[in-house]
Protein chains: 2
Amino acid sequence: MNKNTIIRQLYAIEAVKLGNFTLKSGLTSPIYIDLRPIISYPALLQAISDLIWEKVKHIKADLLCGVPYTALPIATCLSLKHDKPMVMARKEAKNYGTKKLVEGHFKPDQNCLIIEDIVTTGASIIETIVKLKDVGLKTPYAGALVDRQQGGTENLAKEGCKLITVFTLSELLEELKECGFSMAG
Amino acid sequence: MNKNTIIRQLYAIEAVKLGNFTLKSGLTSPIYIDLRPIISYPALLQAISDLIWEKVKHIKADLLCGVPYTALPIATCLSLKHDKPMVMARKEAKNYGTKKLVEGHFKPDQNCLIIEDIVTTGASIIETIVKLKDVGLKTPYAGALVDRQQGGTENLAKEGCKLITVFTLSELLEELKECGFSMAG
């Protein structure tokens, strides 16, 4: 599945919409993106994971960690296909049992590549970085599908994490235009 | 990877231990099982998913739904390999945005096969069933790796859900013995 087909499919399943949308921050945006529905389209999930992989495959990562929830299936997909061990940073500690915030097996100082779907300010990734660093892991890189260009790159850089994405929001808008989609359509 | 190899690997990574363990319920058990580490062993994750699939592949399911968290990568693995759409029943509603308890695309009355790792009383599966039924989905079957035989089958039957597992706890203990593992070793 090439980039163009992926974008058409994301549009078809309404994971991407054009119009006037008000974001959580109160800002308005000409584009709405919510990748949660991709779990219902396994071939698309695989194709999106492949696009991200193309951008990050040169990175020497010992482990992968998806940011909950939407990026978890993407990280799983990459882990299975490329035989990369995964760890999981839970959104909340379980209120019983081992109370680990990072699940899975790892060794201190291993490099963990963070996988995210869409980056806005980078806050969710930073939450994950804090948990991973807390158990001694290194997080020099994060890979994602879309950078909404709202400070994510800069905020992550402050944490020593380089953000690598497939599309910036502007590039995604360009690609949508090339596919013949517009705000009127 | 055959059953025997899978059990040896689970033992090697300490996802399965023999000894005297006190469970949440206060009961003691000769076996400890916690599949959370399998995310760090992609080939093992795939093999366990395959074992579960063998038991449930005859079921006419429109959708798969993994019970958070440990079964999510197993469900993702099955979804990708067998091209089955997935939905996700979140553990908590997001406190902003669309507040959907069930993510993904589905139609009312579709059959959703629930995937779990280990079933004790079935409480986590029932929590998932409630959310799925609430959005109009049917949940006639749940597939899991291990049935700890603590009422799961009966409790799920009351909800109209048939539990299908690869091992009961007794069978797993037998298999461990056949592999040469004992409480002393």
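Residues numbered from 1 in each chain as written. Chains lettered and ligands numbered in written order. Predicted model: local features only at pLDDT ≥ 70, side-chain atom pairs only at ≥ 80, totals over all residues. Heavy atoms only, no water.

(A) Looking closely at unusual backbone geometry. The amide bond that connects Pro68(A) to the next residue, Tyr69(A), takes the cis arrangement and shows omega of -10°. By the element assignment, Tyr69(A) lies in the loop between strand 3 (63-66) and helix 3 (71-82). In this structure, Gln149(B) is a non-glycine residue whose phi angle is positive, near 55°. Here Gln149(B) lies in the loop between strand 7 (141-147) and helix 5 (152-158). (Helix = DSSP H or I, 4+ residues; strand = E, 2+ residues; numbered from the N terminus.)

(B) Local environment of the pairing of strand 1 (residues 16-22) of chain B. All names here are of chain B. Of the strand pairs in this sheet, strand 1 and strand 2 (residues 28-33) are connected by five bridges, and their pairing is antiparallel. Paired with Phe-21 across the two strands is Ser-29, which belongs to strand 2. From the end of strand 1 to the start of strand 2, which pair antiparallel, there are five residues, and Gly-26 there has a positive phi angle of about 95°. (Pairing = 2+ DSSP bridges.)

(C) Quick look at the relation of the copies chain A and chain B. You can overlay chain A on chain B at an RMSD of 0.0 Å; the transform is a turn of 180° with a shift of 0.0 Å along its axis. The relationship between the two copies is best expressed as a two-fold rotation axis. The overlap is high: 100% of the interface residues of chain A also sit at the interface in chain B, so the same surface is used on both sides. (Least-squares fit on C-alpha atoms with pLDDT ≥ 70 in both. Contact = heavy atoms within 4.5 Å.)

(D) Spotlight on the sheet that holds strand 5 (residues 102-103) of chain A. Residues and elements named next belong to chain A. With respect to topology, six strands assemble into an open sheet ordered 5-4-3-6-7-8, the strand pairing being mixed. The open sheet has two edge strands, strand 5 and strand 8 (162-168), and neither has a second partner. Running at roughly 20° to strand 8, helix 6 (residues 169-178) makes contact with strand 7 (141-147) and strand 8 of the sheet. (Axes fitted to C-alpha atoms, helices over the stretch in contact; angles between N-to-C directions.)

(E) Geometry of the nonpolar core. Grouped together as the largest cluster of nonpolar side chains are 92 residues, with contacts concentrated most on Leu10(A), Leu145(A), Leu10(B) and Leu145(B). Those residues within four positions of Leu145(A) in sequence are excluded, and the remaining contacts are Leu10(A), Leu35(A), Ile48(A), Leu51(A), Ile52(A), Glu116(A), Asp117(A), Thr165(A), Val166(A) and Phe167(A). (Core = buried A, V, L, I, M, F, W, Y, C linked by side-chain atoms within 4.5 Å. Buried < 20%, exposed > 50% of the residue type's maximum accessible area, 1.4 Å probe, protein only.)

(F) Examining the interface of chain A and chain B more closely. On the chain B side, the residues contacting the 33 residues of chain A number 33 residues. Buried surface at the junction of chain A and chain B, both sides included, amounts to about 3100 Å², of which 63% is carbon and sulfur. The largest share of the area that chain A buries against chain B comes from Arg36(A), Ile39(A) and Tyr69(A), three residues that together contribute 24% of it. Applying the counting rule to chain A against chain B returns two salt bridges. (Buried area = accessible area lost by both parts, 1.4 Å probe. Salt bridge = Lys/Arg side-chain N within 4 Å of Asp/Glu carboxyl O.)

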